[in-house]
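# Fold and geometry: a report
This is what each chain is made of:
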Amino acid sequence: MKICVLPGDGIGVEIIAEAVRVLDALKSDGLKMEMEYAELGGCAVDSTGSPYPEATQKLAREADAVLLGAVGGPKWDVLPRPQRPERGLLGIRKDLNLFANLRPAVLYPELANASSLKPEIVSGLDILIVRELTGDIYFGEPRGIAVEDGKRVGRNTMIYNEDEIRRIGHVAFKSAQKRNKKLCSVDKMNVLETTQLWRDVMIEVAKDYPDVELSHMLVDNAAMQLVRAPKQFDVVVTGNMFGDILSDEASMLTGSIGMLPSASLDQNNKGMYEPCHGSAPDIAGKGVANPLATILSAAMMLRYSGNNEAAAVRIENAVKKVLAAGLRTGDIWEEGTKRVGTREMGDAVIAAL
Ligand code: IPM
Ligand code: MG
């Protein structure tokens, strides 16, 4: 496997270092992979002027998978939009056609108290959010801020064509088939035509998957149900914008966004793997960030792009062991557990492997 490693900005650098050490440990056990580094986001803007420079494009396109830390920080928020780190992230998603974003929210039993919800509401939680990642209002044209009739007007366009909806639908139904065969499609069809089409196409796609039970929910209700009774969900499929919001919400059910990995896949399971959290500039460089979401993202990489379920499970089991042993970074720490830093957490996972 050829892997393009993009540490990015902020805590990205520290957490990627731990994921790479975990992969190195598997390499010394016979796993075959090559890792090459490139820049994405603010660091790339600083050295080349572009958040997704050509050298990175080349490496990312040639690789079998991309492992990403996080991008962004206040330093770059003042730049014009095309030069912002987030544009680099959206750019690479679009460039590699990574339309299927899988965000599992799993509660590890040891972390039941770290959630802000009552343990009985979240214990045993295991849901998968399938978010469309290369369309919707994120990319729709026209967009921009312009002066019209002497007033500033901001405009974005929510748009999906049926092919885009169908292909993410197939990914979601197939994911549901491998799980509890329940799929909830989230839309806002009572107001938005784009999402009426979304619902219509999901109903059409469902005909190919008679074994999966499809339900529909309006996004405002879904946001409420996720904190009221999250265990009613198995797989949730939704568009780019709603998926962005609902996946942050789902992450907190599990105790910390610092625990959640993600995979963004193209049609052929080439993918980019990144933690769901951001670059956390407030704690960057302090060695306290939780590297587990990135380590778990590396496991997803081995599963989906490497077709190596055994190696993925080995990493996931090592993480469970470390949590069972009571080690916690600050974001998941509670009374009676041992507070450790980023490096120590990485060491513990490698020892548990
Ligand atoms: C995410 C992030 C990104 C998004 C930002 C950083 C552009 O919030 O991956 O969820 O909105 O997709
Ligand atoms: Mg987000």
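By the naming in an unreviewed UniProt entry, the protein goes by 3-isopropylmalate dehydrogenase and is assigned to Uliginosibacterium paludis. Quoted straight from UniProt, the Function (unreviewed entry) entry for the protein says "Catalyzes the oxidation of 3-carboxy-2-hydroxy-4-methylpentanoate (3-isopropylmalate) to 3-carboxy-4-methyl-2-oxopentanoate. The product decarboxylates to 4-methyl-2 oxopentanoate." UniProt annotates the protein under Sequence similarities (unreviewed entry) with the comment "Belongs to the isocitrate and isopropylmalate dehydrogenases family. LeuB type 1 subfamily."

Across all of its chains, the model carries 20 salt bridges by this definition. Across the pair Arg155 and Glu148 runs a salt bridge whose closest N-O atoms are separated by 3.1 Å. Judged by its relative accessible area of 32%, Glu148 falls in the partly exposed class. Lys188 serves as the salt-bridge partner of Asp220, at 3.3 Å between the closest nitrogen and oxygen. Taken together, the positions of Asp220 in helix 8 (residues 219–228) and Lys188 in the loop between strand 8 (182–187) and helix 7 (193–206) put the pair 32 residues apart, joining distant regions of the chain. Asp220 gets classed as partly exposed once you look at its relative accessible area, which sits at 45%. Residues joined by salt bridges that share partners form a network here, namely Glu18, Arg21, Arg343 and Asp347.

As a further point, take the nonpolar core. Counting residues in each nonpolar core, the largest one holds 62 residues, and the members touching the most others are Leu67 and Leu302. For this core, the element with the most residues is helix 10 (residues 292–304), which contributes 8 residues. Each of domain 1 (1–99 + 266–353) and domain 2 (100–263) contributes no fewer than three residues to this core. Not counting the four nearest positions on each side in its chain, Leu67 is found in contact with Ile3, Cys4, Val5, Leu6, Ile16, Ala19, Leu23, Tyr273, Ser297, Ala298 and Met301.

Helical geometry: 3.6 residues make up each α-helical turn, so side chains three or four residues apart lie on a common side. Between its first and last C-alpha, helix 11 (residues 309–324) extends 22 Å over 16 residues, near the 22 Å set by a 1.5 Å rise per residue. Of the positions making up helix 11, those classed as buried are Ala311, Ala312, Ile315, Glu316, Ala318, Val319, Val322 and Leu323. The buried side chains of helix 11 occupy one side of the element, clustering within an arc of 150° when seen end-on. The exposed residues of helix 11 that point more than 90 degrees off its buried face are Ala310, Lys321 and Ala324. Looking at the buried side of helix 11, the elements it contacts are helix 1 (12–27), helix 10, strand 13 (327–328) and helix 12 (342–352). Gly326 sits one or two residues past helix 11 and shows a positive phi near 95°.

Another point: the side chain of Arg131. In this fold, Arg131 is placed in strand 5 (residues 126–132). At 3.3 Å, the side chain of Arg131 forms a polar contact with the side chain of Tyr138. Ignoring sequence-local partners within four residues, the contact set of Arg131 consists of Arg93, Phe99, Ala100, Asn101, Arg103, Tyr138, Ile168, Thr238, Gly239, Asn240, Gly243 and Asp244.

The domain architecture assigned to the protein consists of domain 1 (1–99 + 266–353) and domain 2 (100–263). Inter-centroid distance (C-alpha atoms) of domain 1 to domain 2 is 22 Å. The partner domain 2 presents 28 residues to the 28 residues of domain 1 that form the contact. With both chains or domains summed, domain 1 and domain 2 bury close to 2,600 Å², and 63% of this area falls on carbon and sulfur atoms. Taken together, domain 1 and domain 2 are joined by 0 salt bridges. Here domain 1 and domain 2 share 8 residue pairs in polar contact (both at pLDDT 80 or more) between them. Among the secondary structure elements, those contributing two or more residues to the side of domain 1 that touches domain 2 are helix 4 (85–95), strand 12 (271–275), helix 10 and helix 11. No other element matches the 6 residues that helix 10 contributes to the side of domain 1 that touches domain 2. Looking at the side of domain 1 that touches domain 2, its residues break down into 15 nonpolar, 5 polar and 8 charged.

Rules used throughout
- Residues numbered from 1 in each chain as written.
- Chains lettered and ligands numbered in written order.
- Predicted model: local features only at pLDDT ≥ 70, side-chain atom pairs only at ≥ 80, totals over all residues.
- Heavy atoms only, no water.
- UniProt positions renumbered as here; feature names shortened; annotations may be inferred.
- Salt bridge = Lys/Arg side-chain N within 4 Å of Asp/Glu carboxyl O.
- Buried < 20%, exposed > 50% of the residue type's maximum accessible area, 1.4 Å probe, protein only.
- Helix = DSSP H or I, 4+ residues; strand = E, 2+ residues; numbered from the N terminus.
- Core = buried A, V, L, I, M, F, W, Y, C linked by side-chain atoms within 4.5 Å.
- Domains from an automatic or database assignment.
- Contact = heavy atoms within 4.5 Å.
- Expected span 1.5 Å × (residues − 1).
- Arc of directions from axis to C-beta.
- Polar contact = N/O pair within 3.5 Å; in protein donor to acceptor, adjacent residues only side chain to side chain.
- Buried area = accessible area lost by both parts, 1.4 Å probe.
- Nonpolar A, V, L, I, M, F, W, Y, C, P; charged D, E, K, R; others polar.

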